[in-house]
Amino acid sequence: MKTATKDLENDHIHILRLTDIMEQVTKTVAPEISDLESIVSLIKNFADGFHHAKEEKIFFPGLEEKGFSPHQGPVAVMLAEHIQGREYVRGMEEYIKLCKDGDITALKYVFANMSGYVTLLRNHISKENNILFRMADNVLTPEDHARLLDEYSKVEPVSPHGGGVTDYISEIERLNSIYH
Ligand SMILES: [Fe+2]
Ligand SMILES: [Fe+2]
């Protein structure tokens, strides 16, 4: 059976693949700037714009109805970590821009922000998969799952090539063929 938690866990598989790529990128002497920009774009549009949007706008509010506070406890921690992730993305963008302007020292700060993001997201996803989602499965009814899945389907992302999630996954494949 498709469930609201399994759907998010499936997104996590792709996001974790992206973190593996990012880890490899940080070991690369001179990665293509366009690939760094593509990674930032994948995080902003897929990991954050799509996946975190589903969690923040649909899944967490669904849990709030079951008594999970957004102000304390696991949901509050998850929300705070999404914000921390956005700080790393801001750092990546800032230093990628400096790289493009010819600042040769900026790459190591791009990498530092990437590594911070990788560590944060791996821990974050582990907590969601192993703790929060399992708690959620204990309180969500089959009807709740169906309703949440229906709401998710309304936030399918619009990607540059019009293929939605498929475009993001193929870009992850492309990057993976270079950085592995
Ligand atoms: Fe999350
Ligand atoms: Fe997540």
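Coordinates for the structure precede this section.
Below: a short report on this structure. In this text, all values refer to a predicted model and were calculated from it rather than measured experimentally.

### Describing the coordination of the iron ion (ligand 2)
Tetrahedral coordination by four donors sets the ideal angle at the metal to 109.5 degrees; octahedral coordination by six donors sets it to 90 or 180 degrees. Listed as protein donors to the iron ion (ligand 2) are H12 (NE2), H51 (NE2), E55 (OE) and E128 (OE); their distances from the metal cover 2.0 to 2.2 Å. Coordination at the iron ion (ligand 2) is irregular, judged from the 4 donor atoms that bind it and the angles of 83 to 166 degrees they form at the metal. All donors to the iron ion (ligand 2) come from one chain, and their sequence spacing reads H-x38-H-x3-E-x72-E. Between the iron ion (ligand 2) and the iron ion (ligand 1), the interatomic distance is 3.2 Å, and E55 donates to each metal, bridging them. In this pair, H12 sits in helix α1 (residues 4-25) while H51 sits in helix α2 (residues 33-64), placing the two residues 39 residues apart along the sequence. Both residues of the pair, H12 and H51, belong to the buried class.

### Some details on the pattern of salt bridges
Following the criterion strictly, the structure yields 22 salt bridges and no others. Among the salt bridges present, the one from R147 reaches E65, with a minimum N-O distance of 3.5 Å. Within this pair, whereas R147 is found in helix α5 (residues 142-152), its partner E65 is found in the loop between α2 and α3 (74-100), the two being separated by 82 residues in sequence. By relative accessible area, R147 is classed as partly exposed at 32%. Owing to a relative accessible area of 59%, E65 belongs among the exposed residues under this scheme. We note a salt bridge from D137 to R134, for which the minimum N-O separation is 2.8 Å. Here the residue D137 and the residue R134 both occupy positions in helix α4 (residues 107-139), the gap between them amounting to 3 residues, near one helical turn. A relative accessible area of 29% places D137 in the partly exposed class.

### Structural notes on the coordination of the iron ion (ligand 1)
With distances of 2.1 Å, the protein atoms coordinating the iron ion (ligand 1) are E55 (OE), H82 (NE2), H124 (NE2) and E128 (OE). Read in sequence order, the donor residues for the iron ion (ligand 1) give the motif E-x26-H-x41-H-x3-E.

### Comments concerning the packing of α1 against α5
Across the interface, α1 lies against α5 with an axial gap of 8 Å and an inter-helix angle of 40 degrees. One finds that α1 runs oblique with respect to α5. In this structure, α1 uses A4, T5, D7 and L8 to contact α5, whose residues at the interface are H145, L148, L149 and Y152. Partitioned by chemical class, the residues of the contact of α1 with α5 number 5 nonpolar, 2 polar and 1 charged.

### Quick look at the nonpolar core
Membership of the largest hydrophobic core comes to 32 residues, with the highest contact counts inside it found for M22, I39, I43 and M92. When residues of this core are traced back to their parent elements, those giving at least two are α1, α2, α3, α4 and α6 (165-178). It is α4 that contributes the most residues to this core, 9 residues altogether. If sequence neighbours within four positions are ignored, M92 has contacts with M22, V40, I43, V110, N113, M114 and Y117. A4, V75, L148 and L149 belong to the second largest nonpolar core, which has 16 residues in total.

Definitions and cut-offs
- Residues numbered from 1 in each chain as written.
- Chains lettered and ligands numbered in written order.
- Predicted model: local features only at pLDDT ≥ 70, side-chain atom pairs only at ≥ 80, totals over all residues.
- Heavy atoms only, no water.
- Donors = N, O, S within 2.8 Å, 3.2 Å for Na, K, Ca; no water.
- Tetrahedral: all angles 85-135°; square planar, octahedral: opposite > 155°, others 65-115°.
- Helix = DSSP H or I, 4+ residues; strand = E, 2+ residues; numbered from the N terminus.
- Buried < 20%, exposed > 50% of the residue type's maximum accessible area, 1.4 Å probe, protein only.
- Salt bridge = Lys/Arg side-chain N within 4 Å of Asp/Glu carboxyl O.
- Axes fitted to C-alpha atoms, helices over the stretch in contact; angles between N-to-C directions.
- Parallel < 35°, antiparallel > 145°, perpendicular 65-115°, else oblique.
- Contact = heavy atoms within 4.5 Å.
- Nonpolar A, V, L, I, M, F, W, Y, C, P; charged D, E, K, R; others polar.
- Core = buried A, V, L, I, M, F, W, Y, C linked by side-chain atoms within 4.5 Å.

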